[in-house]
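Reading the structure
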Number of protein chains: 2
Amino acid sequence: MRLLSRHYDESMARWEPGARERLVVAAVDLFTEQGYDDTTVAQIAARAGVTKSTFFRHFTDKREVLVAGQETLSQLFAEGIADTPAGASPLQAVAAGLRRACGAMGQLNREIGARLKAAIAASEELRGRDALKSVSLAATITTSLVARGAPEATAQLAGELGVLALKRGYAKWAEAEDAAPEDLVRYTLEALDELRDASAALG
Amino acid sequence: MRLLSRHYDESMARWEPGARERLVVAAVDLFTEQGYDDTTVAQIAARAGVTKSTFFRHFTDKREVLVAGQETLSQLFAEGIADTPAGASPLQAVAAGLRRACGAMGQLNREIGARLKAAIAASEELRGRDALKSVSLAATITTSLVARGAPEATAQLAGELGVLALKRGYAKWAEAEDAAPEDLVRYTLEALDELRDASAALG
């Protein structure tokens, strides 16, 4: 499963994003240009070159355009943790979650990431939603680890490490001009290692 | 400096919250009862038994009622870190920040905390603001530690530990029926110790 899948358009003989992906790009661009509140579903559909009913086949409202990818990410992260062997440490389980979640992100996520960052910087409401995404993902990781028997404090700390590793790895991936899609997994796992080493230096 | 100070009302011979505190309690109660969006400054002032101009002597708008305490908390935390001797470890600096910030919270914070939790649970907008508060405080701690020469990964991790310790200590304090104001500092420092021990068990 990819967070944003593409289909191969034979008539154009190149990779072309599908309606869902075009809707996400259009929505994020409009949120950046004119603000989240002032953007309507009709405008998003028009910018993406689809009808409103196509929009509503993919999303229930404009808010869902922003959260749909996040819910998939959290779900993949939780599945990666749940599939880890019982004897694995909390950080090994977090690494498995990162592998599963990041393995599903493609080039389009890189492109949308930069746009989304600008939209979030421009809107306090979107900053709140973005913060809520981090808090929700940390809570998902914590719950998944507690379900495996980790003590709550350990699970909470591991949840924060997972989110930080994802943020640091994603930032490096989004900023590196020549990064390949598969580099995201490597960057986030390197960030997790770095954070584990940092935890030994906390004093 | 207290986050919510009280003045001694001699005519009533008991501790009585001042206008600012009554405005905060009234606002949080109204947000819970009827939602954040549907609450006006006029309603908050009326509930608190003050005029609208008194409201505007304390706050610029209803949003500021929620964030004013948070900004003071972040500022105190940063001052506590900045005043720590240069040789202190990142976690010792975080502990000093917790001591400074939590030492300023009184009984009224306990009472408002429970109300605020209900208001936040009832509103997605307030959940977003609450998440942003956590992210902002973590960023403040990180910046304060980087300014003291801590590597960025260490400082970010310490920032998350500081926020988690505050959340865990505050929850225990708010839930304990007979906790004294000064117990908050102890609870958050115990939570910080527990998280440091947990970091050794991450694997």
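Report on the accompanying structure. Values in this document were obtained by computation on a predicted structure and should not be read as measured data.

The secondary structure content of chain A amounts to nine helices and two strands. Along chain A, helices and strands appear, N-terminal first, in the series β-β-α-α-α-α-α-α-α-α-α. Summarising its shape, the C-alpha atoms of chain A cover approximately 55 × 40 × 30 Å along the three principal directions. Looking at chain A as a whole, 53% of its 203 residues qualify as buried. Summarising the internal contacts of chain A: among those between residues at least 6 apart in sequence, 62% fall at separations of at least 24. Roughly 9400 Å² of accessible area belongs to chain A as shown, and the carbon and sulfur atoms make up 52% of that amount.

In this model, helix 9 (residues 183–200) of chain A (18 residues) spans 26 Å end to end at C-alpha, consistent with the 26 Å of a helix rising 1.5 Å per residue. In this structure, the buried residues of helix 9 of chain A make contact with helix 5 (90–102) and helix 8 (152–175) of chain A together with helix 8 (152–175) and helix 9 (183–200) of chain B.

Moving on, we come to the relation of the copies chain B and chain A. At an RMSD of 0.0 Å, chain B and chain A line up after a rotation of 180° and a shift of 0.0 Å along the axis. The two molecules are tied by a two-fold rotation axis, judged by turn and shift. No C-alpha of chain B lies nearer the rotation axis than that of G128(B), which sits 2.1 Å from it. Both copies present the same face, since 100% of the interface residues in chain B are matched by interface residues at the equivalent positions in chain A.

With that out of the way, let us pick up the pattern of salt bridges. A side chain of one charge can pair with a side chain of the opposite charge if their charged atoms are brought near each other. Residue and element names in this part refer to chain A. Here the structure, examined in full by the defined rule, presents 18 salt bridges over all chains. The partner of R100 in a salt bridge is E79, and the shortest N-O contact between them spans 3.9 Å. Taken together, the residues span a long stretch of sequence, with R100 in helix 5 and E79 in helix 4 (residues 62–82) at a distance of 21 residues. Residue classification places E79 among the partly exposed positions, given a relative accessible area of 31%. One salt bridge connects D83 with R100, and the closest N-O pair in it is separated by 2.8 Å. With D83 in the loop between helix 4 and helix 5 and R100 in helix 5, this residue pair connects regions lying 17 residues apart in the sequence. Under the relative-accessibility criterion, D83 is labelled exposed at 53%.

Listed as interface residues are 29 residues of chain B and, on the opposing side, 29 residues of chain A. Here chain B meets chain A over a buried area of about 2700 Å², counting both sides, of which 66% is carbon and sulfur. If you look at where chain B meets chain A, you find zero salt bridges. At the junction of chain B with chain A, the criterion picks out six residue pairs in polar contact (both at pLDDT 80 or more). Where the side of chain B that touches chain A is concerned, the elements lending two or more residues are helix 5 (90–102), helix 7 (124–147), helix 8 and helix 9 of chain B. Here the element with the most residues in the side of chain B that touches chain A is helix 8 of chain B; it accounts for 10 residues.

Let us look at the packing of aromatic side chains. What the rule picks out here adds up to eight aromatic pairs over all chains. The interplanar angle of 80° and the centroid separation of 5.2 Å between the aromatic rings of F55(A) and F56(A) together place this pair among those described as edge-to-face. Of the residues examined, F56(A) reaches a relative accessible area of 44% and is grouped as partly exposed. Ring centres of F55(A) and F59(A) lie 5.7 Å apart, and the angle between their planes is 50°; this geometry places the pair in the tilted category. Judged by its relative accessible area of 0%, F55(A) is buried. Here a set of aromatic residues connected by ring pairs shows up, and it is made of F55(A), F56(A) and F59(A). Sitting over the ring of Y36(B), K62(B) keeps its end group 4.4 Å from the ring centre. Here the guanidinium or amino end of R110(B) rests over the ring plane of W173(B), the centre of that ring lying 5.8 Å away.

Counting residues in hydrophobic clusters, the biggest one holds 78 residues, and the most contacted among them are V94(A), L98(A), L145(A), V94(B), L98(B) and L145(B). If sequence neighbours within four positions are ignored, L145(B) has contacts with I81(B), P90(B), A93(B), V94(B), A150(B), A155(B) and A158(B).

All names here are of chain A. The terminal C-alpha atoms of helix 5, which comprises 13 residues, lie 18 Å apart, in line with the 18 Å expected from a rise of 1.5 Å per residue. Summarising burial for helix 5: 10 of the 13 residues are buried, a large majority. Looking at the buried side of helix 5, the elements it contacts are helix 4, helix 7 (124–147), helix 8 and helix 9.

Let us look at the packing of helix 1 (residues 19–34) of chain A against helix 6 (residues 107–121) of chain A. Geometrically, a packed helix pair is captured by the angle between its two axes and the distance between the axes. All names here are of chain A. Relative to each other, helix 1 and helix 6 sit at 20°, their axes nearing to 8 Å. On the basis of their axis angle, the class for helix 1 and helix 6 is roughly parallel. The interaxial crossing formed by helix 1 with helix 6 has left-handed handedness. Residues E21, V24, V25, V28, D29, F31 and T32 of helix 1 lie in contact with helix 6, whose contacting residues are L108, I112, R115, L116, A118 and A119.

Parameters and conventions
- Residues numbered from 1 in each chain as written.
- Chains lettered and ligands numbered in written order.
- Predicted model: local features only at pLDDT ≥ 70, side-chain atom pairs only at ≥ 80, totals over all residues.
- Heavy atoms only, no water.
- Helix = DSSP H or I, 4+ residues; strand = E, 2+ residues; numbered from the N terminus.
- Buried < 20%, exposed > 50% of the residue type's maximum accessible area, 1.4 Å probe, protein only.
- Contact = heavy atoms within 4.5 Å.
- Areas by Shrake-Rupley, 256 points an atom, 1.4 Å probe, with all protein chains shown as cover.
- Expected span 1.5 Å × (residues − 1).
- Least-squares fit on C-alpha atoms with pLDDT ≥ 70 in both.
- Salt bridge = Lys/Arg side-chain N within 4 Å of Asp/Glu carboxyl O.
- Buried area = accessible area lost by both parts, 1.4 Å probe.
- Polar contact = N/O pair within 3.5 Å; in protein donor to acceptor, adjacent residues only side chain to side chain.
- Phe/Tyr/Trp six-rings, centres within 6.5 Å; stacked < 30°, edge-to-face > 60°.
- Lys NZ or Arg CZ within 6 Å of the ring centre and 35° of its normal.
- Core = buried A, V, L, I, M, F, W, Y, C linked by side-chain atoms within 4.5 Å.
- Axes fitted to C-alpha atoms, helices over the stretch in contact; angles between N-to-C directions.
- Parallel < 35°, antiparallel > 145°, perpendicular 65-115°, else oblique.
- Left-handed = near helix turned anticlockwise from the far one by under 90°.

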